[in-house]
Every structure is written in C-alpha cells, then in structure tokens.
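# Descriptive structure summary
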Amino acid sequence: MKNVPFNNPPVTGEELRLLEAAIADGHLCGAGRFSGECEDWIAGAVGAPRAFLAQSCTAALEMAVLLAGIEPGDEVIMPSFTFVSTANAVVLSGGVPVFVDIRPDTMNLDEGQVEAAITPRTKAIFVVHYGGVCAEMDALSEIARRHGVMLVEDAAHAFGATYRGRPAGGLADLGCFSFHATKNIISGEGGALTIMSDDLVERAEIIREKGTNRSRFLRGQVDKYTWVDKGSSYLPSELTAAFLRAQLERAGDINADRVATWNAYNAALDGVEKNGLRRPVVPDYCEHNGHLYYLLAPDRDRRDAALAELQGKGVIALFHYVPLHSSPAGQRFGRMHGNLAVTDDVAGRLLRLPLWYGMDDAVRARVIDAVLALDV
Ligand SMILES: *Cc1c(COP(=O)(O)O)cnc(C)c1O
C-alpha cells in the first residue's frame, strides 16, 4: 500500500488555463494583471487597504522589517516556536530576535509574558498564528499600542482563519502570508504582505521595487524612475500570480475541505487523551483554516516512538519545530526572555498528522486507525 504523504499540494485544475493566459498577455515580470487581481482579492478578503504579492512569506517578513524601521541592535519580540523566517528577516537588518515563550494550550505567543520582554530597544512584536489558530490579538494589540511598537502577523499558517470574526492578516499593522507548496493556498513559492495603514503603502511599493519609485513611474506620476530608498526584488512573476489566481478562486473550498479532515480527525480521536495523547485546543472565538492537526505525546521518547510506528504503517507524521532559541543561529543572533519552558516541552512532544486538500474517507481512516492503534 502507498504511503499517506504528509503533504500533497492542492491543484484546482484552472492553473494551466491562467498560465496560458499570462503567457499570451506577454507580460511575464511582476505587477501585471494577475498580480493586481490577486492583490485586490487578498486585500478584500483580509479587509486591508492594500496587499502586495511577494516571492514568499520570508520576503513579506523582510518587507515588514524594513517598514518597521528595524536597525542594528533593535529588538523584535517573537515566539521561539516558529519557522526560521520569522527571525531571519529581523537578523538580516541587524535586529535581535527576543524569544518569548508560548501558551501551553494554543502554542501561540504567551501574551502574558510579552510586556516584561519589552525594553527601550524594542521596535516590534512578530506574532505567529500556529496551525491557523490566531494568537491573543486583543491583548497583543493593546500592549503594542501602549508601548508604541509595531505589531506584525506572521500569518503563514492562517490564510482564511479568523479571530473574533476578523480575518488573520488584518489584525495588526502588517500581515505576512505564505503560498509555499506546504501551505493551504499555494503558488509553489509565494507570499503576500497586507498593510492596514495607508501611510505605509507607498514605502512598501518602493521597497519591493528594488528601492525605486518605478510604481509611480508606471502610473505616470513621475516622468522617470530612480533609486529612492532601501529595497530588494520582492515581486513575484505574473506566472506565479496566474497560478495563485486560480487557487484564490477556490480558497474557500480548499480550506473547508481541510477543516473537514481536521474535524474528522478530532472527532475520531476523541478519547486518545486516555492514551496520554492530547488533541489541539481551539478557543471558541478562533475559526481556524485546517492548516495542521497535531497531537501532544506524554514525552519525547513516546513521541519519537509514535512517529516511527506511524511511519511503519505508511503514515508520514512529522514533528515541529526545533525551537529557534536552541538552534545555532538563534543562539548566535537572538536572546531568550525567561526560560522558554513551554516551548522546550512542546517541541519534544508534538507530532503532526498528514493533512491535505482532497483526502478521501479511506485515507483519513488509515491515519485515524494508525493513531488509535498507537501504543503510547
Ligand atoms: C512557511 C512559513 C514561513 C515561510 O514561508 P515561505 O513562503 O516559505 O517563505 C514563515 N513563517 C511560518 C510560521 C511558516 O510556517
């Protein structure tokens, strides 16, 4: 029997048609018709005045760092329990990631520990919505406002998720999405930056056009374009945007299908607690997008044994994350706030089950049966 892969990138069937249309248009570099349509779609979905496509969420995070004005020695508060890009973007500008622990229920930044980590050098708080379950944004917004620091969502997991009815990516000053092949909505590699304040829009446009005012030139607002600020090449091509356009059209279905698998797992695994496994916790004011389904084993040995046992049955489950504060680069470039006990604990016990768009009942049942048969 074939393995159940951990991930299986979604394809809607419309991608090729739109790629052909992009080729026929003859406009293959960035900022063309398909990019504009994707940006309008994303801004509309998030309730943001403006969205910019980027080559990745990593690129969107780098744009956020430039917009936040992070300079050498400036500090940015973030979880250690996240992907490297959240921290790397800060380090590239000479900033210092300050790692704060997560909550033991949602795996999101522990808002109760953030304020004590703020220093005169703090410029921003980067929050991650783990598994598409939003962090405690009301409390975090209040802290950011009180201290005059920028709040940025790393919403790589959270496209289509909501917090108290408001969409992820529209809950802070800036939002960063990923359309990497392992995320819900994809373009192979890809991302977007959402901007909630009109004041930052023009600067963002310059940053992603290599620090030039080329966008103003293309709109006829200046008669030649020139280098005006820091920037880089963050624009994706129209081929990427055309592919993404086809995916956005079906974003609601794709997310709903993932949520259906998530719900099927969660219902069938009701009772695994007595085997020492813990299911995800989702606050009732968070609507998630089925990005990932995880379980917590009682300890690292039993987690690793469970991963091996599932693999032996052809069910590819994975752990998450190696905490950034214990990675070589995290130790070199970052700083810990407190002992990060929850992060260390959870990282040793968490396992993620296969979850992708289009999983049928038989595949779901194979995963569920393998988990129920675990001897933890
Ligand atoms: C995937 C991911 C990223 C990076 O996304 P890319 O589009 O691959 O750059 C950043 N942060 C988190 C939390 C992620 O899961």
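Residues numbered from 1 in each chain as written. Predicted model: local features only at pLDDT ≥ 70, side-chain atom pairs only at ≥ 80, totals over all residues. Heavy atoms only, no water.

Before going further, it helps to spend a moment on the layout of surface pockets. Considering only enclosed or pocket space, the largest pocket measures out at about 590 Å³ in volume. Along the walls of the largest pocket sit 33 residues, with Phe83, Thr182, Lys183, His320 and Tyr321 positioned nearest its centre. Elements supplying a minimum of two residues to the lining of the largest pocket: α3 (57–67) and α4 (84–92). Across the lining of the largest pocket, the residue classes break down as 15 nonpolar, 13 polar and 5 charged. Here the lining of the largest pocket gathers at least three residues from each of two domains, domain 1 (15–249) and domain 2 (251–372). Considering only enclosed or pocket space, the second largest pocket measures out at about 170 Å³ in volume. (1 Å grid on protein atoms, 1.4 Å probe; cavity = no way out; pocket = protein on both sides within 12 Å on 5 of 7 lines; lining within 4 Å. Points joined across faces, edges and corners; volume = space filled by probe spheres on them. Helix = DSSP H or I, 4+ residues; strand = E, 2+ residues; numbered from the N terminus. Nonpolar A, V, L, I, M, F, W, Y, C, P; charged D, E, K, R; others polar. Domains from an automatic or database assignment.)

Attention now goes to the pairing of strand β4 (residues 122–128). Extensive coverage of β4 is indicated by the burial of 6 of its 7 residues. Note: strand β2 (residues 75–79) against β4, 3 bridges, orientation parallel. When the sheet's bridge partners are listed, Val76 is paired in β4 with Ala124. Pairing analysis gives 5 bridges linking β4 to strand β5 (residues 150–154), with the strands arranged parallel. Bridge pairing in β5 links Ala124 to Met150. Since β4 and β5 lie parallel, the crossover through helix α6 (residues 137–147) that links them has a hand, and here it is right-handed. (Buried < 20%, exposed > 50% of the residue type's maximum accessible area, 1.4 Å probe, protein only. Pairing = 2+ DSSP bridges. Right-handed = clockwise from strand over helix to strand, strands pointing away.)

Now for the site of the ligand. Taken together, 15 residues lie near the ligand, and Thr58, Asp154, His157, Ser178 and Lys183 sit nearest. A distance of 2.5 Å separates an oxygen atom of the ligand from a polar atom in the side chain of Thr58. Between an oxygen atom of the ligand and a side-chain N or O atom of His157, the distance comes to 2.8 Å. If the ligand stood free it would expose 380 Å²; the protein chains cover 92% of that surface. Cavity membership is defined here by more than half of the atoms lying within 2 Å of grid points; on that basis the ligand lies in the largest pocket. In terms of residue class, the shell around the ligand is built from 5 nonpolar, 8 polar and 2 charged. (Near = heavy atom within 4 Å. Polar contact = N/O pair within 3.5 Å; in protein donor to acceptor, adjacent residues only side chain to side chain. Areas by Shrake-Rupley, 256 points an atom, 1.4 Å probe, with all protein chains shown as cover. Sits in = over half its atoms within 2 Å of the grid points.)

Here the focus is the nonpolar core. The nonpolar side chains of a soluble globular protein tend to be buried, and buried together. Within the largest apolar cluster, 49 residues are counted, with the highest numbers of intra-cluster contacts made by Ile42, Ile125 and Met137. Going through the elements one at a time, α1 (15–25), α2 (33–46), β1 (50–54), β3 (96–100), β4, α6, α9 (238–249) and α10 (251–268) are the ones with two or more residues in this core. Looking at which domains feed residues into this core, each of domain 1 (15–249) and domain 2 (251–372) gives three or more. Setting aside chain neighbours within four positions, we find Met137 in contact with Val127, His129, Leu151, Glu153, Tyr163, Leu171 and Ala172. Core analysis: the next-biggest nonpolar cluster, separate from the first, contains 35 residues, Phe52, Met63, Phe99 and Leu193 among them. (Core = buried A, V, L, I, M, F, W, Y, C linked by side-chain atoms within 4.5 Å. Contact = heavy atoms within 4.5 Å.)

So, on to the pattern of salt bridges. Counted by the stated rule, this structure contains 29 salt bridges. Through salt bridges with shared partners, one network takes in Glu39, Arg50, Glu205, Arg208 and Arg219. (Salt bridge = Lys/Arg side-chain N within 4 Å of Asp/Glu carboxyl O.)

With that settled, consider empty space enclosed by the protein. Under the defined criterion, the tally for this structure stands at 2 cavities of 30 Å³ or more. What the largest cavity holds in volume is close to 70 Å³. If you go around the largest cavity, the residues you meet are Thr106, Tyr130, Gly131, Val133, Trp262, Pro280, Val281, Val282, His288, Leu292 and Tyr294. Classifying every residue of the lining of the largest cavity by side-chain character gives 8 nonpolar, 3 polar and no charged. By volume, the second largest cavity amounts to about 40 Å³. What lines the second largest cavity is simply Ala156, His157, Ala158, Phe159, Ser178, Phe179, Lys183, Asn184, Ile185 and Asn289. Tallied by class, residues from the lining of the second largest cavity come to 5 nonpolar, 4 polar and 1 charged.

The domain architecture assigned to the chain consists of domain 1 (15–249) and domain 2 (251–372). Relative placement of domain 1 and domain 2: their C-alpha centres are 25 Å apart. In total, about 3500 Å² of surface goes out of reach between domain 1 and domain 2, with carbon and sulfur atoms giving 59% of it. The tally of links from domain 1 across to domain 2 stands at 1 salt bridge. Of the charged contacts, one joins Glu75 and Arg335 as a salt bridge, the two residues approaching to 3.1 Å between their closest N and O atoms. Our count for the domain 1 to domain 2 interface comes out at 26 residue pairs in polar contact (both at pLDDT 80 or more). For the side of domain 1 that touches domain 2, the elements supplying multiple residues, two or more each, are β2, α4, β3, β6 (162–163) and α9. (Buried area = accessible area lost by both parts, 1.4 Å probe.)

Here we take up the packing of α1 against α9. At their nearest, the axes of α1 and α9 sit 8 Å apart, and the two run at 145 degrees to each other. In this structure, α1 crosses over α9, and the sense of that crossing is right-handed. Contact with α1, carried on its side by Glu15, Leu18, Leu19, Ala22 and Ile23, involves Glu238, Leu239, Ala242, Phe243, Arg245, Ala246 and Gln247 of α9 and no other residues of that element. Of the residues that constitute the contact of α1 with α9, the class distribution is 8 nonpolar, 1 polar and 3 charged. (Axes fitted to C-alpha atoms, helices over the stretch in contact; angles between N-to-C directions. Left-handed = near helix turned anticlockwise from the far one by under 90°.)

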